[in-house]
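Residues per chain, in single letters:
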Amino acid sequence: MTRFGKTWLGMAGATAVLAIGSGGAFAQQKELVFGFQCDRTGPTANVGVNLCPGYHDYVNLTNSKGGVEGFKIRVIEVDNEYKVPPAMEAHERFKKEGAVLEGLYGTPQTAALNKKLEEDKILGTSPGFGTSNASDGKRFPYTFPIAASYWSQGGAALQFAKEKMGTLKGKKIAYLFYDNPAGKEPLAIFEDIAKTEGFELRTFAVPAPGLEMGAQVLDITGRFKPDFVITHLFGRAPSVSIKELKGKGFPLSKVVAFVWGSSEADIIAAGGMAIAEGYNTIQFAGVGKDFPVLKEIEAMYKAQGKTPPKEMDSTVFYNRGVFNAAIHVEAVRNAIRAKGGAAPTSEEVKKGMEAIKGFTLGGLVPPMQLSAEDHEGGGWVQIWTVKGGKLVKAKDWFQGYRPVILKHLAADASKS
């Protein structure tokens, strides 16, 4: 099967034709196409196989209620295998299919597509990944992080560490990261805050595929002996970091993970909740099942005589898929209403995305507000901690070192 053969269509999203009269004339149902990239078979498949079903389920739920302002949504999913060439090919396919927006997947893939999105005037979203400077909507008009960028996650991690320890001054902070562009992304933020707060920062790079980091963890725990560890890993690497740090006797209560090392799947792969007790995680979408929209999805499955999918149990990643789809649907809804009910172009959907505010989906979505200038929505996150065998909210929505993030965005823009 080819990559493009691995296409997943949202239920009820395929084009429907309705017979009109006995003469057999047909009219096509109103439809909008969403392009959606995923990784179901590559190095981050542990994310994709849980996140991407959440995206489809929200779209299916929307379609089951009549669609968006009368338009049904058809999702074309392509497995990019966390590789850049398939991601570029997927974009071209979505463009030919008339997609009004595109869900991106992967930081290298997003970096490669930033210019193409602008050239083709198709907005793309990169929630929780991608290039942090894309938060600047003036510089990157068609790229929308729509969640805390790696810069914002870095600021939030240090803010949390400061609150835990009372101060950062004179402390030692270790940064354990995947050695690729995504892992290096927050370094400038860490270095800047280290100067102003007066702490010692030391970095420890983990080469791909991130399964061997015993030497780095030994260096951290045996030589550097930090007061706090920040990790930025993904794929199978987060579970390795939990096991290695735990095995070396480092207290996981002094560790906070960026968003791709923060799922139930990562913790289970490390040996389970009991092993990871105290482990802190950054989240950009709600965690758990106690949200009205998730209860609606469960009811939808039961109404069809089906059991809700097991992916719903991996709430961190699944809920992010729902989050992504919900923002897409809301942007399209805004665009259709602004056009008086007519089908919007991608450029009009872009304006609809920039008009999102006050949309929280029962608390699953942070209190972000998008605009033509801010495509990130403020960089809001929560902290969830492994406690008593489950993830427990330790800190509600907050922004970390926001003035520093905005300063770097302005400085980056001045270079262009």
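Structure shown above.
Everything in this summary refers to the structure shown in the same document. From a predicted model like this one, the values you see are computed outputs, not experimental measurements. (Residues numbered from 1 in each chain as written. Predicted model: local features only at pLDDT ≥ 70, side-chain atom pairs only at ≥ 80, totals over all residues. Heavy atoms only, no water.)

## Thoughts on the overall build of the chain
Our working rule: In DSSP terms, a helix is any run of H or I states spanning at least four residues, a strand is any run of E spanning at least two, and both are numbered starting from the N terminus. Only C-alpha atoms enter the radius of gyration; for comparison, a globular chain is expected to reach 2.2 Å times N to the power 0.38, where N is the number of residues. Three exposure classes are used, based on accessible area relative to the maximum for each residue type with a 1.4 Å probe and protein chains only: buried under 20%, partly exposed in between, and exposed over 50%. Here, residues are in contact when the closest pair of their heavy atoms is within 4.5 Å. Residues counted as positive are Lys and Arg, residues counted as negative are Asp and Glu, and His and the chain ends are not counted. A charged residue contributes its charge at one atom only: NZ of Lys, CZ of Arg, CG of Asp or CD of Glu.
When helices and strands are counted, the chain shows 13 helices and 14 strands. For a compact globule of 416 residues, the expected C-alpha radius of gyration is about 22 Å, and the chain comes in at 21 Å, within 12% of that figure. Its C-alpha atoms give the chain principal-axis dimensions of roughly 80 × 50 × 40 Å. Counting only residues that meet the buried cut, the chain has 58% of its 416 residues in that class. Across the chain, the fraction of contacts at a sequence separation of at least 24, relative to all contacts at a separation of at least 6, is 71%. Of the charged side chains in the chain, 50 are positive and 43 negative, and the gap between their average positions amounts to 3 Å.

## Comments concerning the packing of aromatic side chains
This is how the line gets drawn: What counts as a ring pair is set by centres within 6.5 Å for rings of Phe, Tyr and Trp (its six-membered ring), and what kind of pair is set by the plane angle: stacked under 30 degrees, edge-to-face over 60, tilted for all other angles.
The final tally for this structure, using the stated rule, is 15 aromatic pairs. Residues phenylalanine 36 and tyrosine 55 carry aromatic rings whose centres are separated by 3.8 Å and whose planes lie at 10° to one another, so their mutual orientation is stacked. Highlighted residues: phenylalanine 36 in strand 3 (residues 31–38) and tyrosine 55 in helix 1 (residues 45–64), separated in sequence by 19 residues. For the pair formed by phenylalanine 36 and tyrosine 55, the shared burial category is buried.

## Observations regarding the sheet that holds strand 8 (residues 172–178)
For clarity, the cut-off: Between any two strands, pairing holds if DSSP finds at least two bridges. Angular values range over 0 to 180 degrees, each being the angle between N-to-C directions of two axes fitted as lines to C-alpha atoms, with helices fitted over their stretch in contact.
Spatially, the seven strands line up as an open sheet ordered 9-8-10-11-12-13-14, and their pairing is mixed. The open sheet has two edge strands with one neighbour each: strand 9 (200–206) and strand 14 (390–398). Each adjacent strand pair in this sheet contributes to an overall mean axis angle of 20°, direction not counted. Of the strand pairs in this sheet, strand 8 and strand 10 (residues 228–232) are connected by five bridges, and their pairing is parallel. Directly across from leucine 176, in strand 10, lies its bridge partner threonine 231.

## Things to note about unusual backbone geometry
With an omega of 0°, the peptide bond running from alanine 208 to proline 209 counts as cis. Its location among the elements puts proline 209 in the loop between strand 9 and helix 7 (214–224). Even without being a glycine, glutamate 69 presents a positive backbone phi close to 50°. Mapped onto the elements of the fold, glutamate 69 is located in the loop between helix 1 and strand 4 (72–79). With a relative accessible area of 33%, glutamate 69 lands in the partly exposed category. Even without glycine at this site, glutamate 81 takes up a positive phi of about 60°. Structurally, glutamate 81 is set in the loop between strand 4 and helix 2 (84–96).

## Some details on the side chain of arginine 402
Keep this limit in mind: A 3.5 Å cut-off defines polar contacts: any pair of N or O atoms within that distance qualifies, except that in protein one atom must be a possible hydrogen donor and the other a possible acceptor, and neighbouring residues in sequence count only when both atoms are side-chain atoms.
Inspection of the secondary structure assignment puts arginine 402 in helix 13 (residues 402–415). What makes arginine 402 buried here is its relative accessible area of 13%. In this structure the side chain of arginine 402 is engaged in a polar contact, spanning 3.3 Å, whose partner is the backbone oxygen of glycine 378. With residues up to four places along the chain from it excluded, the contact list for arginine 402 reads Ser152, Asp374, Glu376, Gly378 and Gly379.

## A word on the sheet that holds strand 7 (residues 143–144)
If you walk across this open sheet you meet the five strands as 4-3-5-6-7, and the pairing is parallel. In this open sheet, the two strands that pair with only one neighbour each are strand 4 and strand 7. Relative to strand 7, strand 6 (residues 123–125) runs parallel, the two being bridged by two bridges. Residue threonine 125 lies in a different strand from strand 7, and its bridge partner there is phenylalanine 144. Contacts from helix 11 (residues 315–338) reach strand 3, strand 4, strand 5 (101–103) and strand 6 within the one sheet, and its direction differs from that of strand 3 by about 150°.

## Some words on the pattern of salt bridges
As a working rule, side chains carrying opposite charge can pair if their charged atoms are close by. Inclusion rule: A carboxyl oxygen of Asp or Glu within 4 Å of a side-chain nitrogen of Lys or Arg is what we treat as a salt bridge.
Applying the stated criterion to the full structure yields 29 salt bridges. In this structure, glutamate 69 and arginine 337 form a salt bridge, with 3.0 Å as the shortest nitrogen-oxygen distance. In this pair, glutamate 69 is assigned in the loop between helix 1 and strand 4 and arginine 337 in helix 11, connecting sequence segments 268 residues apart. A residue is classified by how much of its surface remains accessible, and arginine 337, at 54% relative accessible area, is exposed. Here lysine 116 ties to aspartate 120 by a salt bridge, and the two come within 3.6 Å at their closest N and O atoms. Linking lysine 116 with aspartate 120, this pair stays in helix 3 (residues 107–120), spanning four residues, or about one helical turn. Linked by salt bridges that have partners in common, Glu92, Lys95, Lys116, Glu119 and Asp120 make up one network.

## Some details on the nonpolar core
Counted only if it meets this: Nonpolar core, defined: a set of buried Ala, Val, Leu, Ile, Met, Phe, Trp, Tyr and Cys residues in which side-chain atoms within 4.5 Å join the residues together.
The biggest cluster of nonpolar side chains holds 122 residues, and the ones touching the most others in it are Trp260 and Phe323. Counting residues per element, this core draws most heavily on helix 11, which supplies 13 residues. Listed in part, the six residues of the second largest apolar core include Val33, Val78, Ala90 and Ala99.

## Here we look at helix 1
We count it as follows: Each residue after the first adds 1.5 Å to the expected span of a helix.
Across its 20 residues, helix 1 extends 28 Å between first and last C-alpha, which sits within 8% of the 28 Å expected from 1.5 Å per residue. Positive backbone phi, at 105°, marks glycine 66, one or two positions downstream of helix 1.

## Some words on the state of the cysteines
Heads up, the rule is: Cysteine sulfur pairs qualify as disulfides if the two atoms are within 2.5 Å.
Scanning the entire structure with this criterion turns up one disulfide. At a sulfur-sulfur separation of 2.0 Å, the disulfide partner of cysteine 38 is cysteine 52. On the sign convention where negative is left-handed, the bridge of cysteine 38 and cysteine 52, at about 110° about the S-S bond, is right-handed. Note that cysteine 38 is positioned in strand 3 and cysteine 52 in helix 1, a separation of 14 residues in sequence. Accessibility expressed as a relative area gives 0% for cysteine 38, which makes it buried.

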